[in-house]
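In case you want the letters, here they are:
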Amino acid sequence: MSVSTDPSSGPAIRVEGLTKTYRSGGGELVVFAGLNLEVERGEKLALIGESGAGKSTLLHLLGGLDRPTEGAIYFGQNDICKLPANQLADFRNRELGFVWQIHSLLAEFTAVENVMMPLLIRGQSREQAEPVSMARLEEVGLRSRASHRAGELSGGEQQRVVLARALVGNPSVLLADEPTGNLDHKTGEMIMGLLDDLHRSRQLTSIHVTHNTSFARRAGRVVALEQGKLVTATLPPASLLSRELVEDSSAEGRHHV
Ligand SMILES: Nc1ncnc2c1ncn2[C@@H]1O[C@H](COP(=O)(O)OP(=O)(O)OP(=O)(O)O)[C@@H](O)[C@H]1O
Ligand SMILES: [Mg+2]
């Protein structure tokens, strides 16, 4: 069976009754239980919540990097939780782009070699993969650094390589876990601007985990993980608030989804 996000109708992603429980130290930790969520095609969703709330856990499940304890995750008509490992890996490679915090590059490989990886995994030759990878590096403004080793690049440059790698296989969905977490504010702004541009120009469905309220505000919708539940977070316009209030998430109204 080949899996694709059917472009014809319905939400891009539909989460139903998602529960994740970890067993550790003889005990059981319920990170969240019975989560429901729909993400429309082309939507940009920000996911916020306190440290330990389960944001990365949810993103890993959405990305097929881990399996839920219970529940279903539909991409189009297909529940990825039911896929055998090889089909899930193929689905990830073709449909999903991942942007985690920096340090996810192979430091000894060049920028363009890092970008090529998803295509090589797909079975393309280096000759096929290289021109496409160079084009993606160009898109993020890093063509001139293509032959630098990843370990020689600045944090912001590394994150741009991660973006190019995430998009090299033309995914339909982009999952980003604190993509600006290790960067200074100005570089973080630049990466968020690039993510916004790529989201639009490539007509992606995007989910961004962020601790930064001003970055969350750039999304079309903000949801928060709170005590194992997903709630819609309403962020007031930045122009109405002082900087301190904007950065204080306790000042924001919330209601259950
Ligand atoms: N493999 C694991 N085994 C046991 N517990 C885990 C495991 N992975 C995560 N946890 C626990 O699950 C909870 C949620 O973790 P998660 O990494 O999803 O939080 P988060 O919201 O991403 O936090 P942060 O903002 O700090 O990145 C935490 O309490 C964490 O300790
Ligand atoms: Mg996390």
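Because the structure is predicted, anything quoted here is derived from the model rather than measured.

### Regarding the pairing of strand β7 (residues 173-177)
Then step 1. Of all five residues in β7, five are buried, a share of seventy percent or more.
Then step 2. Here β7 shows two buried faces, one formed by V173, L175 and D177 and the other by L174 and A176.
Then step 3. Here four bridges tie strand β6 (residues 96-99) to β7, and the two strands are oriented parallel to one another. The partner of L96 across the bridge, within β7, is V173.
Then step 4. Of the strand pairs in this sheet, β7 and strand β8 (residues 205-209) are connected by five bridges, and their pairing is parallel. Its bridge partner being in β8, A176 is matched across the sheet by H208.
Then step 5. Read as a crossover between parallel neighbours, the route from β7 over helix α6 (residues 185-201) to β8 is right-handed.

### So, unusual backbone geometry
Then step 1. If you check the backbone angles, E178 has positive phi at about 45° while not being a glycine.
Then step 2. When you line up the elements, E178 lands in the loop between β7 and α6.
Then step 3. With 20 C-beta atoms packed within 10 Å, E178 lands in the buried category.
Then step 4. Of note, Q227 is a non-glycine position whose phi angle comes to about 45°, a positive value.
Then step 5. Locating Q227 in the fold gives a position in the loop between β9 (221-226) and β10 (229-234).
Then step 6. The class for Q227 is exposed, based on 10 C-beta atoms found within 10 Å.

### A closer look at the site of ligand 1
Then step 1. In the vicinity of ligand 1, the contacting residues are Y22, S24, L29, V31, G49, S51, G52, A53, G54, K55, S56 and T57.
Then step 2. Secondary-structure elements contributing two or more residues to the shell around ligand 1 are β1 (13-24), β2 (27-39) and α1 (55-62).
Then step 3. The residue makeup of the shell around ligand 1, split by class, is four nonpolar, seven polar and one charged.

### Some words on the environment of N170
Then step 1. Positionally, N170 belongs in the loop between α5 (155-167) and β7.
Then step 2. By the C-beta count within 10 Å, which is 13 here, N170 ends up partly exposed.
Then step 3. Note: C-alpha distance between N170 and L204 (34 residues apart in sequence) is 9.4 Å.

### Concerning the pairing of β2
Then step 1. Pairing between β1 and β2: nine bridges, direction antiparallel. Residue pairing for β2: Y22 is matched across the bridge by L29.
Then step 2. Count of turn residues in the β1/β2 antiparallel hairpin: two residues, of which G25 carries a positive phi of about 55°.

### Side note on the environment of A146
Then step 1. The residue A146 is located in the loop between α4 (126-139) and α5 in this model.
Then step 2. If we skip the residues at most four places from it in the chain, A146 touches T110, A111, V112, M134 and L137.

### Notes on the packing of helix α3 (residues 111-121) against α5
Then step 1. Close contact between α3 and α5 brings their axes to 7 Å; oriented N to C, the two are set at 30°. Classed by the angle they form, the pair α3 and α5 counts as roughly parallel. The two elements α3 and α5 cross, and the hand of that crossing is right-handed. From α3, A111, N114, V115, M117 and P118 reach across to α5, where they touch V161, A164 and R165.
Then step 2. Residues of the contact of α3 with α5, tallied by class, amount to six nonpolar, one polar and one charged.

### As for the nonpolar core
Then step 1. If you look at the biggest cluster of nonpolar residues, it comprises 66 residues, and the most contacted ones within it are L47, V161, A164 and L175.
Then step 2. Here the element with the most residues in this core is α5; it accounts for six residues.
Then step 3. For A164, the residues in contact, after removing those within four places along its chain, are V115, R136, L137, E139, V140 and L142.

### Brief notes about the sheet that holds β1
Then step 1. Taking strand neighbours across the sheet as the criterion, the four strands line up as β2-β1-β4-β5 in an open arrangement whose pairing is antiparallel. Every other strand in the sheet has two partners, leaving β2 and β5 (78-79) as the edge strands with one partner each.

### Here we look at the confidence of the model for the protein chain
Then step 1. Across the protein chain, the average pLDDT comes to 88, with 88% of residues at 70 or higher.
Then step 2. The weakest mean pLDDT in the protein chain belongs to helix α8 (residues 243-247) at 39; the strongest belongs to strand β4 (residues 70-75) at 98.
Then step 3. Counting contacts from residues 240-257, a segment whose pLDDT is below 50, to residues more than four positions away or on other chains yields 27 contacts.

Quick notes on the rules
Residues numbered from 1 in each chain as written. Chains lettered and ligands numbered in written order. Predicted model: local features only at pLDDT ≥ 70, side-chain atom pairs only at ≥ 80, totals over all residues. Buried ≥ 20, exposed ≤ 12 C-beta atoms within 10 Å, placed from the backbone. Helix = DSSP H or I, 4+ residues; strand = E, 2+ residues; numbered from the N terminus. Pairing = 2+ DSSP bridges. Right-handed = clockwise from strand over helix to strand, strands pointing away. Near = placed C-beta within 6 Å. Nonpolar A, V, L, I, M, F, W, Y, C, P; charged D, E, K, R; others polar. Contact = placed C-beta atoms within 7 Å. Axes fitted to C-alpha atoms, helices over the stretch in contact; angles between N-to-C directions. Parallel < 35°, antiparallel > 145°, perpendicular 65-115°, else oblique. Left-handed = near helix turned anticlockwise from the far one by under 90°. Core = buried A, V, L, I, M, F, W, Y, C linked by C-beta atoms within 7 Å. pLDDT = per-residue confidence, 0-100.

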